[in-house]
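Fold and contact review
Given next are the chains, with one letter for each unit.
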2 protein chains.
Amino acid sequence: MVKRVSLKDIAREVGVSSALVSYVLNDKKTGRINKVVAQKIKDTAKLLNYHTNQIARSLKTNKTNTIGLIVADISNPFSATMARIIEDEAAKKNYTVIFGSSDENPFQSEKLIETFMNRYVDGLIIAPRENTEYLLHDLVKQEIPFVLFDRYFPSINTSYVAMDNFKASFDAVKYLIKCGYKKIGIVNYQSTLQHLNDRTNGYLKALETLHILPANNLVKEVAIDNIPVHVENAINELMAMSEPPDAILFASGEIALHGVKHIKQQNIKVPSELALISFDEMAAWDLFYAPLTYIKQPLQKMGQLATKILIESIEDNSRIQRYHLPGSLVTRQSTKLPL
Amino acid sequence: MVKRVSLKDIAREVGVSSALVSYVLNDKKTGRINKVVAQKIKDTAKLLNYHTNQIARSLKTNKTNTIGLIVADISNPFSATMARIIEDEAAKKNYTVIFGSSDENPFQSEKLIETFMNRYVDGLIIAPRENTEYLLHDLVKQEIPFVLFDRYFPSINTSYVAMDNFKASFDAVKYLIKCGYKKIGIVNYQSTLQHLNDRTNGYLKALETLHILPANNLVKEVAIDNIPVHVENAINELMAMSEPPDAILFASGEIALHGVKHIKQQNIKVPSELALISFDEMAAWDLFYAPLTYIKQPLQKMGQLATKILIESIEDNSRIQRYHLPGSLVTRQSTKLPL
DNA sequence: TAATTTTGTTTAAACGATTAAACACATGCC
DNA sequence: GGCATGTGTTTAATCGTTTAAACAAAATTA
């Protein structure tokens, strides 16, 4: 690699000390510096194609202007979209993003956090996986700024940005009932994550509120170790019931993807035999013969807010902020029109 | 933020110089160091929860163990999948990835490269956008290791990893002909990018080889400024011809997505009235009533190879390597069976 | 004119690691 | 006993910035 230009090189060229060059290029002490000299320094910097060595600056200032982003898996559309929004928001404020996929694996999460800390990221944005509270407690103790998004732990004293999953679920089920569906099932992950439980709870609350008996066996929870198979089984079990559901709420896009594939294969007619609603927006919903009604997460807002909160807490050490943003139900042909 | 433990802290604790601590923790001069002292240093490091300050190390060694990844848009599935593969491969070799989306915008590309260089990334993996040859020439001149992927410029003397787009297209068209289709159209981007031209060229070559007259107006090129609308128009034009095509090859998943949506809306029957093949694997293909036949890119191999080549050229300054990896055609219901 | 203030710039230490070279001491050899 | 060699550790410079403090000269004030 070609040797890069340093402050010293500019200083030598202009015939001043490198301190002065630093002051000029950082617009400090502007009142006192000779305008002519300042201009000459700036010109020379441009001429020599000087660029700050961020590494050296970081070492001195203890600030890297870097955010670490930890998602479940950057290759899934939800994470990727989030990454893009965070990237843009961070860039606006002059931060760069390094990312890692935790793969729903606690060791991996720990390793990522360690890597990021060794690189002295200024803060972290994390979609935490199950059973990683201990890691977050560590972060709190070390006073490292971080913000959770999508998922959160009520017990941990930290900022987060999530959708109001309870209400989104509640509203979706209310809509199904309004359409005339009577037996509504849900397929969710088997998980202790609060945001997923909120989805089931919102579903149950809606049934209760609207005086529909929730049949226990209409709630299916699938293990994350082999989603396609578990989802198929869940649907088979639901449809094999003596009184099978007339509508299903899928608690994530991933679950719905496999669910819809299977339903299509089984020739179950949507929405006449079975109505469907899914969490998350996906391109795939549009290609199904009955485009899915889905719960749209406010990704843009979530990403921007998370980034904003993080940078605020990096820069002003501000207080904890928690948001449950409203989702919106996008109604389409996988559900009938309301009665 | 809580003060972190440095080499000096360990040195003080153990009662040795920080140089010795550095030697021990980096396993250097192992032959000469007193085993007892070495162990004590290691124990103390663990006890104090010491972690190398990568910033300081980087400043001294001029090595950041960081790779900069520049994709068109991290939120699109192709880029995101690639990012994940590169992340994993890089992590294995102890590199971290920072990413940026160029948005098919040359200023943005330039800015990203600059940002990454200021952070002294050890090398770059780039899916370059149109008209950015000048940036890459700069990188070559500055002797910064980089590898292109997906896209490449024949004129630039650099390593790259791409699919053999020409052959993939050729094979897809050959397959369509084998199935009995006679009038085959293609919808591609309007672009000077070699890998996209290869797709059209492979298509043309296949028609020529198999003695099918290529009708010029069966080749449609859409501007990237408003893909959905341009794709709709292209399909409308194709289908309004006196002898409309009986098969269409979509040169990207994005184009196909909008194409299929429109075809479905227009009630054109697939594959009886119109057969479809798309580049790229997408979850959406499975939900269409006639799951798409598609050209699967060897993403895993491309990502791993690109990362491997980059790290090699960072570490051993190795020579240029260029790969055109074979794609594979996954045949499904959007094309009839071969005659 | 001397003291004080202002203006413009430099000095030097620091951030936390790496590493060549120096050093001190022990051991082996003739 | 003297010299070379080996063993174990330290010294000190360096990477490229930032920044408090010092300094020198010019301008202002008393």
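Here is a short report on the structure shown in this document.

Quick notes on the rules
Residues numbered from 1 in each chain as written. Chains lettered and ligands numbered in written order. Predicted model: local features only at pLDDT ≥ 70, side-chain atom pairs only at ≥ 80, totals over all residues. Axes fitted to C-alpha atoms, helices over the stretch in contact; angles between N-to-C directions. Helix = DSSP H or I, 4+ residues; strand = E, 2+ residues; numbered from the N terminus. Parallel < 35°, antiparallel > 145°, perpendicular 65-115°, else oblique. Contact = placed C-beta atoms within 7 Å. Nonpolar A, V, L, I, M, F, W, Y, C, P; charged D, E, K, R; others polar. Near = placed C-beta within 6 Å. Least-squares fit on C-alpha atoms with pLDDT ≥ 70 in both. Left-handed = near helix turned anticlockwise from the far one by under 90°. Pairing = 2+ DSSP bridges. Buried ≥ 20, exposed ≤ 12 C-beta atoms within 10 Å, placed from the backbone.

1. Some thoughts on the packing of helix H1 (residues 7-14) of chain A against helix H2 (residues 18-25) of chain A
Residue and element names in this part refer to chain A. Contact geometry for H1 and H2: axes closest at 8 Å, N-to-C directions at 105°. Of the possible angle classes, the one that applies to H1 and H2 is roughly perpendicular. Contacts from Leu 7, Lys 8, Ile 10 and Ala 11 in H1 reach Ser 18, Val 21 and Ser 22 in H2. Residues that form the contact of H1 with H2 fall into these classes: four nonpolar, two polar and one charged.

2. Re the protein's contact with DNA strand D
Close to DNA strand D lie 26 residues; Leu7(A), Ala19(A), Asn53(A), Ala19(B) and Asn34(B) are nearest. Mapped by element, the contributors of at least two residues to the surface near DNA strand D are H1, H2 and helix H4 (54-61) of chain A together with helix H2 (18-25) and helix H4 (54-61) of chain B.

3. Concerning the relation of the copies chain A and chain B
Mapping chain A onto chain B calls for a rotation angle of 180° and an axial translation of 0.1 Å; the resulting RMSD is 0.1 Å. A rotation of that kind, with that shift, is consistent with a two-fold axis. Residue by residue, 100% of the interface of chain A is reproduced at the interface of chain B, so both copies engage with the same surface.

4. Details of the packing of helix H10 (residues 227-240) of chain B against helix H11 (residues 253-265) of chain B
Helix packing for two helices is described by the angle between their axes and how far apart those axes are. Residues and elements named next belong to chain B. Taken N-terminus to C-terminus, the directions of H10 and H11 make an angle of 60°; their axes are 9 Å apart at the nearest point. By the angle class used here, H10 and H11 are oblique. The two elements H10 and H11 cross, and the hand of that crossing is right-handed. In contact with Ile 227, Pro 228, Val 231, Glu 232 and Ile 235 of H10, H11 contributes Glu 254, Ile 255, His 258, Gly 259, His 262 and Ile 263. Looking at the contact of H10 with H11 residue by residue, the classes come out as six nonpolar, three polar and two charged.

5. Things to note about the protein's contact with DNA strand C
Neighbouring DNA strand C are 26 residues; Ala19(A), Asn34(A), Ser6(B), Leu7(B) and Ala19(B) lie closest to it. Mapped by element, the contributors of at least two residues to the surface near DNA strand C are H2 and H4 of chain A together with helix H1 (7-14), H2 and H4 of chain B. Looking at which element gives the most residues to the surface near DNA strand C, the answer is H4(B), with five residues. Of the residues assigned to the surface near DNA strand C, the class counts are 11 nonpolar, nine polar and six charged.

6. Focus: the interface of chain A and chain B
In this assembly, 45 residues from chain A lie in contact with 45 residues from chain B. When contributions to the side of chain A that touches chain B are tallied by element, the ones reaching two or more residues are H4, helix H5 (77-92), strand S2 (96-101), helix H6 (106-118) and helix H11 (253-265) of chain A.

7. A word on the environment of Phe153(A)
Residue placement: Phe153(A) occurs in the loop between strand S4 (146-149) and strand S5 (159-163). Residues Phe153(A) and Thr192(A) lie 39 residues apart in sequence; the distance between their C-alpha atoms is 10.0 Å.

8. Focus: the sheet that holds strand S7 (residues 219-222) of chain B
Residue and element names in this part refer to chain B. Pairing is mixed in the open sheet, where six strands are placed in the order S7-S6-S8-S9-S10-S12. Among the strands making up the open sheet, the edge pair consists of S7 and strand S12 (328-330). Averaged over neighbouring strand pairs, the angle between their axes works out to 20° when direction is ignored. Summarising the sheet, strand S10 (residues 293-296) and S12 pair through three bridges and their orientation is antiparallel. Its bridge partner being in S12, Lys 296 is matched across the sheet by Ser 328. Its contacts with the sheet put helix H8 (residues 165-178) on strand S6 (184-189), strand S8 (247-250), strand S9 (275-279), S10 and S12, and the angle it makes with S8 is roughly 165°. Against the sheet, H10 contacts S6, S7 and S8, and its axis sits at roughly 165° relative to S7.

9. Details of the sheet that holds strand S6 (residues 184-189) of chain A
Residues and elements named next belong to chain A. Strands sit in the order S7-S6-S8-S9-S10-S12 across an open sheet of six strands; the sheet is mixed. Two strands lie at the open edges of the sheet, namely strand S7 (219-222) and strand S12 (328-330), each paired on one side alone. Adjacent strand axes in the sheet meet at a mean angle of 20° when their direction is disregarded. Of the strand pairs in this sheet, S6 and strand S8 (residues 247-250) are connected by four bridges, and their pairing is parallel. Paired with Gly 185 across the bridge in S8 is Ile 248. Along the sheet, H11 contacts S6, S7, S8 and strand S9 (275-279); its crossing angle with S9, the most-contacted strand, is approximately 150°.

10. Notes on unusual backbone geometry
All names here are of chain A. That bond from Val 270 to Pro 271 is cis: its omega, 0°, falls within 30 degrees of zero. In this fold, Pro 271 is placed in the loop between H11 and S9. Although it is not a glycine, Asn 49 sits at a positive phi angle of roughly 60°. Examined against the element boundaries, Asn 49 turns out to sit in the loop between helix H3 (35-47) and H4. According to the C-beta neighbour criterion, Asn 49 is exposed, with 9 such atoms within 10 Å. At Asp 280, a residue that is not glycine, the phi angle is positive and equals roughly 80°. With respect to the helices and strands, Asp 280 occurs in the loop between S9 and strand S10 (293-296). By C-beta crowding, Asp 280 is classed as buried, having 24 other C-beta atoms within 10 Å.

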